[in-house]
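Here are the chains, one letter per residue:
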Amino acid sequence: MMDKKIKEALIHIVGEKNYTDSLIDIVSYSYDASEHSHRPSCGVWAESTEQVSEILKLANRKGIPVIPRGAGTGLSGMAVPAKGGIVLDLSHMNKILKISIEDRLAIVQPGVVYAALEKALALDGFFFPPDPASGKVATLGGNVATNAGGVKGAKYGTTRDYVLGLQVVLPDGQIMRTGSKAMKSVSGYDLTRLFVGSEGTLGVVTEITLKINPNPTATSTAMATFDDLADAGRAVSQIMYSGIIPSVLEILGRQTIVAINQNTDLELPEVDAMLLAETDGYTQQETDFQMQKVIDIFRRNNPKEVKQAGSEKEAEDLWKARKSAYAVLARIKTHFVLEDVTVPMARVADLLKGVEAIAEKHGIQIATFGHAGDGNLHPQILYDGYDPDQVKRMEAASADLFQLAIDLGGTLTGEHGIGLSKAPYMTLEHDAVAMDVMRSIKKMMDPNNILNPGKMALEG
Ligand SMILES: Cc1cc2nc3c(=O)[nH]c(=O)nc-3n(C[C@H](O)[C@H](O)[C@H](O)COP(=O)(O)OP(=O)(O)OC[C@H]3O[C@@H](n4cnc5c(N)ncnc54)[C@H](O)[C@@H]3O)c2cc1C
């Protein structure tokens, strides 16, 4: 329960209708899309930067945790109020403030849903490339705070590559602007990038200036299957240094293919790996030329089968297996953890092999799919969360997965962030000096540790 005086002060800032401590809201705010949960004392919907500033000033004076929240689709417990406090819901700040095709940018409030911006940009033939799979619901504020990415990462990068500037409210309530509307700037420290991916621990983003791209008007799609993982892995790295960059290069591992066959009528060949490639551009000739290079590489690496889509409908059919992977796997056991370890491209096959060995070692089912083109795979660990033995084995398998990614020269997370789930593993990836610098930045900017406390191992 929130202290009566604080509750009155919050209502004074946001109005009665934008304050909640009802059980149903408190329970909803205690979760995101991860396995973590913890209840806050209350939630507030902010409608302006000034309100965010007033809320933070109050919370900072009183030492109350504040957890910024977009749509709550995070997969690592990032928006879970680990230490209680106030959930600061930004979803009502959902206006697209400006789209300037002349300047190639969009200015948005943080609560704008990714898909809403996509829809607005499409009218002018433009798009915002990061394309997270959760784009129909996730907010752009959440995308910025987690540096979200998606299937097109290999060619187009992640959210970080498109943020030109931000308006941010600091933990003490000060309002700051970073970056500019120019396409490039080397002016001072890159404060914009400090906030991108900071998981709501350094400031609350209240306005975002994004670079946008002209939408490619042509695509070519092809698929190849491989009996041997090593062949698929070699094909991936050869494609990525062949001189063209496919817009999509996805991989499905055997366990995922088997699960899809058991739960759909797709009747996929049960092979070690399936690769799905898409090239994009502005003429069909251009994308077909790129795709021919991809197909040549598939053919040089002992594929069992190679298929190129001859029509939009055939392309959709090739995409079906990849698109169904997450949902099919999510239904197999009562619980799952979706990891997002990322390795250098040439190590994708080693990662897949390592995942299989880890699954066998711990006697647990792990099905893998993901973005081979940027080395970001999603081993999905399937387990029964009501069985303490399976929970233990899931945790041990996760720990081994993280160690494997680091041993291969990779990272704990290429998409879903650290939050609560991966906080215990931060020191596997970052040395003591780097951890110390991160903790010093947090302490300097948020000395009372009110913003999203308990995340990213920042408390040492
Ligand atoms: C089915 C599914 C598919 C997914 N696919 C992808 C994918 O393809 N790629 C990918 O990268 N992720 C993916 N995710 C994870 C998730 O959708 C992303 O992390 C997304 O960016 C989170 O946005 P959100 O609005 O839900 O943020 P939330 O979950 O509400 O918050 C996430 C973090 O951002 C902080 N935050 C939110 N808004 C602000 C703000 N305005 N200022 C400061 N901090 C803020 C929160 O405090 C929290 O730390 C997926 C999740 C699901 C459930």
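One structure accompanies this document, and this report is about it. (Residues numbered from 1 in each chain as written. Predicted model: local features only at pLDDT ≥ 70, side-chain atom pairs only at ≥ 80, totals over all residues. Heavy atoms only, no water.)

**Focus: helix α8 (residues 229–240)**
- For α8, which comprises 12 residues, the first-to-last C-alpha distance of 17 Å matches the rise-based estimate of 16 Å (1.5 Å per residue) to within 8%.
- For α8, the buried fraction is high: 10 of the 12 residues fall into the buried class.
- Among all positions of α8, only L229, D231, A232, G233, A235, V236, S237, Q238, I239 and M240 are buried.
- Residues of α8 that are buried in the fold lie against α6 (153–156), β12 (218–226), β13 (248–253), β14 (273–281), α10 (284–300) and α12 (348–362).
- By the N-cap criterion, in which a side-chain oxygen at the helix start approaches the backbone nitrogen of a residue two or three places on, α8 is capped by D228, the distance to A230 being 2.9 Å. (Helix = DSSP H or I, 4+ residues; strand = E, 2+ residues; numbered from the N terminus. Expected span 1.5 Å × (residues − 1). Buried < 20%, exposed > 50% of the residue type's maximum accessible area, 1.4 Å probe, protein only. Contact = heavy atoms within 4.5 Å. Polar contact = N/O pair within 3.5 Å; in protein donor to acceptor, adjacent residues only side chain to side chain.)

**Observations regarding the site of the ligand**
- Close to the ligand lie 34 residues; P68, T73, S134, T139 and G149 are nearest.
- The contact in question runs from a nitrogen atom of the ligand to an N or O atom on the side chain of E415, over 3.4 Å.
- In the complex, 94% of the free accessible area of the ligand, which totals 980 Å², lies under the protein chains.
- When residues of the shell around the ligand are traced back to their parent elements, those giving at least two are β3 (66–69), α5 (140–146) and β10 (204–211).
- Looking at the shell around the ligand, the element that brings in the most residues is α5, giving 5 residues.
- For the shell around the ligand, the class distribution of residues is 16 nonpolar, 15 polar and 3 charged.
- Each of domain 1 (4–89) and domain 2 (96–214) accounts for three or more of the residues forming the shell around the ligand. (Near = heavy atom within 4 Å. Areas by Shrake-Rupley, 256 points an atom, 1.4 Å probe, with all protein chains shown as cover. Nonpolar A, V, L, I, M, F, W, Y, C, P; charged D, E, K, R; others polar. Domains from an automatic or database assignment.)

**Here's the deal with the side chain of T368**
- Structurally, the position occupied by T368 is in strand β17 (residues 365–371).
- A relative accessible area of 6% places T368 in the buried class.
- Excluding anything up to four places from it in sequence, T368 contacts L252, G253, T256, L352, V355, L377, H378 and P379.

**Notes on the sheet that holds strand β8 (residues 163–169)**
- Strand order in the open sheet made by the 5 strands is β5-β6-β10-β8-β9, with antiparallel pairing throughout. Looking along the sheet, the strands with just one partner apiece sit at the ends: β5 (96–100) and β9 (175–179). Neighbour-to-neighbour, the strand axes of the sheet open up by a mean angle of 10°, direction not taken into account.
- Bridge count for β5 against strand β6 (residues 105–108) is 4 bridges, and the pairing is antiparallel. Bridge pairing links K98 to I107 in β6. (Pairing = 2+ DSSP bridges. Axes fitted to C-alpha atoms, helices over the stretch in contact; angles between N-to-C directions.)

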